Amino acid sequence: VNLLATLEKLLFKELAEVAARDGLHLGGKEAECTVIFTDFVGFSRTTATMRAADVVTTLNEYFEVLIPIIKRHGGFVDKYIGDAIVGFFGAPLPFANHADRAVQCAVALQRAVRTLNAARAARGQVTFEMRVGLNSGEVVVGAIGCDEKLEYTSIGETTNLGQRMETACAVGQVCLAAGTRS
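All values derive from a computational prediction rather than experimental measurement.

Q: For this particular structure, what's the right way to read the packing of aromatic side chains?
A: Geometrically, a pair of aromatic rings is defined through the distance of the ring centres and the angle of the planes. All told, the structure shown has nine aromatic pairs when counted by the stated rule. Between F88 and Y152 the ring centres are 6.3 Å apart and the planes differ by 35 degrees, which places this aromatic pair in the tilted class. Placement of the pair is F88 in strand β3 (residues 84-89) and Y152 in strand β5 (residues 149-155), with a sequence separation of 64 residues. Both residues of the pair, F88 and Y152, count as buried. In this structure an aromatic cluster arises from ring pairing among F40, F43, Y62 and F128.

Q: Looking at this structure, how should I read the nonpolar core?
A: Soluble globular proteins tend to pack their nonpolar side chains together in the buried interior. Counting 27 residues, the largest nonpolar core has I36, F40, L66, I70 and L109 as the members making the most contacts within it. Put simply, the parts of the chain that give this core at least two residues each are β1 (27-40), α4 (52-72), β3, α5 (98-122) and β4 (130-146). Not counting residues within four places of it along the chain, the set of residues in contact with F40 comprises L59, Y62, L66, D83, V113, F128, E129 and M130. Residues F37, V86, A91 and V139 belong to the second largest nonpolar core, which totals 11 residues.

Q: Looking at this structure, how should I read the pairing of β1?
A: Where a strand is regular, its side chains alternate between the two sheet faces. In the sheet, β1 pairs with β4 via 14 bridges, with the strands oriented antiparallel. Among the inter-strand pairings, T34 is bridged to a residue of β4, identified as S136. Pairing geometry for β1 and β3, over five bridges, is antiparallel. The partner of F37 across the bridge, within β3, is V86.

Q: Looking at this structure, how should I read helix α6 (residues 157-168)?
A: For an α-helix the count is 3.6 residues per turn, leaving residues at separations of three or four pointing the same way. For α6, built from 12 residues, the straight-helix expectation of 16 Å at 1.5 Å per residue is met to within 8% by its first-to-last C-alpha distance of 16 Å. What α6 keeps buried is the set T158, T159, G162, M165 and E166. What you see down the axis of α6 is that its buried residues fit within an arc of 115 degrees, all on one side. Buried residues belonging to α6 abut β1, β4, β5 and β6 (174-176).

Q: What exactly am I supposed to notice about the side chain of Q110 here?
A: Relative to the elements of secondary structure, Q110 occurs in helix α5. For Q110, a relative accessible area of 3% puts it in the buried group. Excluding anything up to four places from it in sequence, Q110 contacts M130, R131, V132, G172, Q173 and V174.

Q: Explanation requested: the packing of α4 against α5 in the structure shown.
A: At a closest axis distance of 10 Å, the pairing of α4 and α5 adopts a crossing angle of 150 degrees. Along this stretch, α4 crosses α5, giving a crossing that reads as right-handed. Only C105, A108, L109, A112, V113, L116, N117 and R120 of α5 make contact with α4, whose side of the interface consists of T58, E61, Y62, V65, L66, I69 and I70. Counted by class, the contact of α4 with α5 contains 11 nonpolar, two polar and two charged residues.

Parameters and conventions
Residue positions are counted from 1 within each chain, in the order its sequence is given. In keeping with the predicted nature of the model, local features appear solely for residues at pLDDT of at least 70, side-chain atom pairs appear and are counted solely at 80 or more, and the whole-chain, interface and lining totals rest on all residues. The side-chain figures draw on all heavy atoms in the structure; neither hydrogens nor water molecules are used. Only Phe, Tyr and Trp rings are paired, with Trp represented by its six-membered ring, and only when their centres lie within 6.5 Å; those with planes under 30 degrees apart are stacked, over 60 edge-to-face, the remainder tilted. Under the scheme used here, helices are H or I runs from DSSP no shorter than 4 residues and strands are E runs no shorter than 2 residues, and both carry numbers assigned from the N terminus. The rule is simple: take the accessible area with a 1.4 Å probe, protein chains only, and divide by the maximum for that residue type; under 20% is buried, over 50% is exposed, in between is partly exposed. Residue types Ala, Val, Leu, Ile, Met, Phe, Trp, Tyr and Cys, when buried and joined through side-chain atoms within 4.5 Å, form a set referred to as a nonpolar core. Residues count as neighbours in contact if any of their non-hydrogen atoms are within 4.5 Å of one another. Paired strands, in this sense, are two strands between which DSSP finds at least two bridges. To estimate how far a helix should extend, the number of its residues minus one is multiplied by 1.5 Å. Note that the arc is computed from the directions linking the helix axis to the C-beta atoms. Axis definition: a line fitted to C-alpha atoms, limited for helices to the stretch in contact. Angles are taken between N-to-C directions and run from 0 to 180 degrees. Crossing handedness follows the turn of the near helix against the far one: under a right angle anticlockwise gives a left-handed crossing, and clockwise gives a right-handed one. All residues other than Ala, Val, Leu, Ile, Met, Phe, Trp, Tyr, Cys, Pro, Asp, Glu, Lys and Arg, Gly among them, are scored as polar; the first ten of these are nonpolar and the last four charged.

Structure (structure tokens):
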């Protein structure tokens, strides 16, 4: 297995190169970022009667469409939490227009879900509507955890409010916290 290619699937390309060369070390640094949270509305209820393998296939179809959009806009995909995607813009590589990119990404994600849903509905497959929440501000980003298990993630009130923005968001919409200016 090519370690660098595998790390690039898990991490931002530049971060993967550093991790392959030097390893990741516990700790983080303060950064100005925009965090993004997505979630499919009613996912657990809808998939409760589906076979687990079919749920995974469905999620993978959505993620195959959504993840490249996040990356194209310069976002770092942090993790999946079930059907939710967590990511951030502005780290590990800083850039000044992270909020603009995140907002453009969020709109593109909603459009992509609508397109995918039309195709899935035409095939008689289950569809999901998504909510997207964004927040900008200071976070700590870095390798969080312990020597046994690390995650490159963001921590802080900015991240927490981003998740709350998604939860409060209407179906099919994007909610931005007041600090997110595009």
